[in-house]
Amino acid sequence: MYPPPMPAEPLRPVTPEEVRAFHRDGAVLIKAVLAPEWVDLLCEGLDVAIAEPDVLSESLGTLRVDQFPAARSPALRRIVDDSPVPEIVGCALRSTVRFYMDQPFYKPKGRFLPTPWHQDTCYYNLAGHDLIRAWVSPDRVPRNVSLEVVRGSHLWNATYSPLAGRDPDTDPAAKAMLEGAVADRPMLGVESYEDWTYWSGVKDKSLPAVPDIEGHRDSYDILGWDYEPGDVLLFHGHILHSALGGVESPTPRRAHASLWAGQDVRYLHRPGQVIPDPVALYAHEPRSGQPLSDFPDVFPVGWALPGS
Ligand SMILES: O=C(O)CCC(=O)C(=O)O
Ligand SMILES: [Fe+2]
């Protein structure tokens, strides 16, 4: 029988203490909630996504990031649509959640370079506080190579400049794009991701630079975890995060991160637009300020808060 039946429920409920930790710290590791069948499916989906880079695939040091893999992989689509992940994120956020987008993060075996400290906020055309990321891996990912966060930085009310993107100071076309987009131009006339090279992100230097956290680790309250397959690492959409490197790893590190939006999240066209919108959104010609619920076909409800 295909698809085989899979356990739709988490192996255990998210606890009130875990919910509190998420809201207080901005991140929490939910231990042992995904059944082995989901870990196997994640492995299958990630291996296909990793074997076939998409047109947006980018390598930052040893870290390869692609965009929207669930749009191409039925296995990853099932993780997003049918696995316990949406329920886990919705319970932690205490909100109905809509699926926004997903990404694979891949470091090949060998010497892992660090993932630099960054905040995801500036990369998405989104505004709002109810944003949560679920990071899952079919691999054991020990503390020294898994994600780290600055505890509480999801509440700093700051949006930092992207690390990626073209530099408007040295690239006149990028500068023109940035200036043209400042007037809240909702779209860039792009029909498909094939046009990515034409309009790929521009660094918005009006935003503050990410602080030098690595250079002053003792000054920050840094949280990290030993991750095991079956765990779900949740972190807030605005938190500062990174991963340590410098480790010789005999195995690759394969991860899938999905981004989920709760009630207060709205579309916000950012001048630099580092990551494109989901392609189906273009047909709607979204305007800044529209709630994501205006686009239910693009951002489906993944889990509804009971009674909402
Ligand atoms: O897996 C990593 O090293 C980075 C992941 C990340 O930045 C994210 O999920 O937003
Ligand atoms: Fe990130």
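Everything that follows concerns the structure shown earlier in this document.
Novice: Now, about the packing of helix α1 (residues 16-25) against helix α4 (residues 85-93): what can you tell me, with residues and values included?
Specialist: One can describe the packing of α1 onto α4 by two numbers: an axis separation of 8 Å at closest approach and a directional angle of 70°. By the angle between their directions, the pair α1 and α4 is classed as roughly perpendicular. Listed contacts from α4 to V19, F22 and H23 of α1 are C91, A92 and L93. Residue composition of the contact of α1 with α4, by class: five nonpolar, one polar and no charged.

Novice: Residues and numbers for the pairing of strand β12 (residues 240-243), please.
Specialist: Every second residue of β12 is oriented toward a common face, with L240 and S242 on one face and H241 and A243 on the other, all of them buried. Here three bridges tie strand β6 (residues 115-119) to β12, and the two strands are oriented antiparallel to one another. Looking at β12, one finds that T115 is bridged to A243. Pairing geometry for strand β9 (residues 147-150) and β12, over three bridges, is antiparallel. Following the sheet pairing, L147 is matched in β12 by A243.

Novice: Quick one: what's the story with the sheet that holds strand β10 (residues 222-224), residue by residue and with numbers?
Specialist: Strand order in the open sheet made by the four strands is β6-β12-β9-β10, with antiparallel pairing throughout. The two strands at the open ends of the sheet, each matched to only one other strand, are β6 and β10. Each strand axis lies, on average, 25° off the axis of its neighbour in the sheet, ignoring direction.

Novice: Provide a residue-level description of the packing of aromatic side chains, including the pertinent values.
Specialist: Inspection of every chain in the model, using the stated rule, returns five aromatic pairs. Between the aromatic rings of Y100 and F299, the centroid separation amounts to 5.0 Å while the plane-to-plane angle is 15°, which identifies the pairing as stacked. Here the residue Y100 occupies a position in strand β4 (residues 97-107), and F299 occupies one in the loop between β15 (266-267) and β16 (301-303), the gap between them amounting to 199 residues. Take Y100: its relative accessible area is 3%, and that puts it in the buried class. Ring pairing ties together the aromatic residues Y100, Y124, F295 and F299, which thus form one cluster.

Novice: Give me the coordination of the iron ion (ligand 2): which residues, what numbers.
Specialist: Protein coordination at the iron ion (ligand 2): the donors are H118 (NE2), D120 (OD) and H241 (NE2), at 2.1 to 2.2 Å from the metal. Positions of the donor residues of the iron ion (ligand 2) along the chain correspond to the pattern H-x1-D-x120-H. Pair noted here: D120 is in the loop between β6 and β7 (126-127) and H241 is in strand β12, with a separation of 121 residues, a long-range link. According to the relative accessible area criterion, H241 is buried, its value standing at 4%.

Novice: An account of the site of ligand 1 is requested, with residue identities and associated values reported.
Specialist: Lining the immediate environment of ligand 1, one finds F105, T115, H118, D120, R133, W135, L147, F235, H241, A243, R253 and A257. At 3.0 Å, a side-chain N or O of H118 approaches an oxygen atom of ligand 1. Here an oxygen atom of ligand 1 and a side-chain polar atom of R253 are 2.5 Å apart. Calculation on ligand 1 without its partners gives an accessible area of 290 Å², and the protein chains cover 99% of this total. If you list the elements that add at least two residues to the shell around ligand 1, you get β6, β8 (131-136), β12 and β14 (253-261). Taken together, the residues that form the shell around ligand 1 break down as six nonpolar, three polar and three charged.

Novice: Would you mind going over the pattern of salt bridges in detail, with residue names and values included?
Specialist: Throughout the structure, instances matching the rule amount to 21 salt bridges. For E17, the salt bridge goes to R20, with nearest N and O atoms at 3.2 Å. Pair noted here: E17 and R20 are both in helix α1, with a separation of three residues, about one helical turn. Assessed through its relative accessible area of 40%, E17 is described here as partly exposed. The closest approach of N and O atoms between D82 and R78, which form a salt bridge, is 3.3 Å.

Definitions and cut-offs
- Residues numbered from 1 in each chain as written.
- Chains lettered and ligands numbered in written order.
- Predicted model: local features only at pLDDT ≥ 70, side-chain atom pairs only at ≥ 80, totals over all residues.
- Heavy atoms only, no water.
- Axes fitted to C-alpha atoms, helices over the stretch in contact; angles between N-to-C directions.
- Helix = DSSP H or I, 4+ residues; strand = E, 2+ residues; numbered from the N terminus.
- Parallel < 35°, antiparallel > 145°, perpendicular 65-115°, else oblique.
- Contact = heavy atoms within 4.5 Å.
- Nonpolar A, V, L, I, M, F, W, Y, C, P; charged D, E, K, R; others polar.
- Buried < 20%, exposed > 50% of the residue type's maximum accessible area, 1.4 Å probe, protein only.
- Pairing = 2+ DSSP bridges.
- Phe/Tyr/Trp six-rings, centres within 6.5 Å; stacked < 30°, edge-to-face > 60°.
- Donors = N, O, S within 2.8 Å, 3.2 Å for Na, K, Ca; no water.
- Near = heavy atom within 4 Å.
- Polar contact = N/O pair within 3.5 Å; in protein donor to acceptor, adjacent residues only side chain to side chain.
- Areas by Shrake-Rupley, 256 points an atom, 1.4 Å probe, with all protein chains shown as cover.
- Salt bridge = Lys/Arg side-chain N within 4 Å of Asp/Glu carboxyl O.

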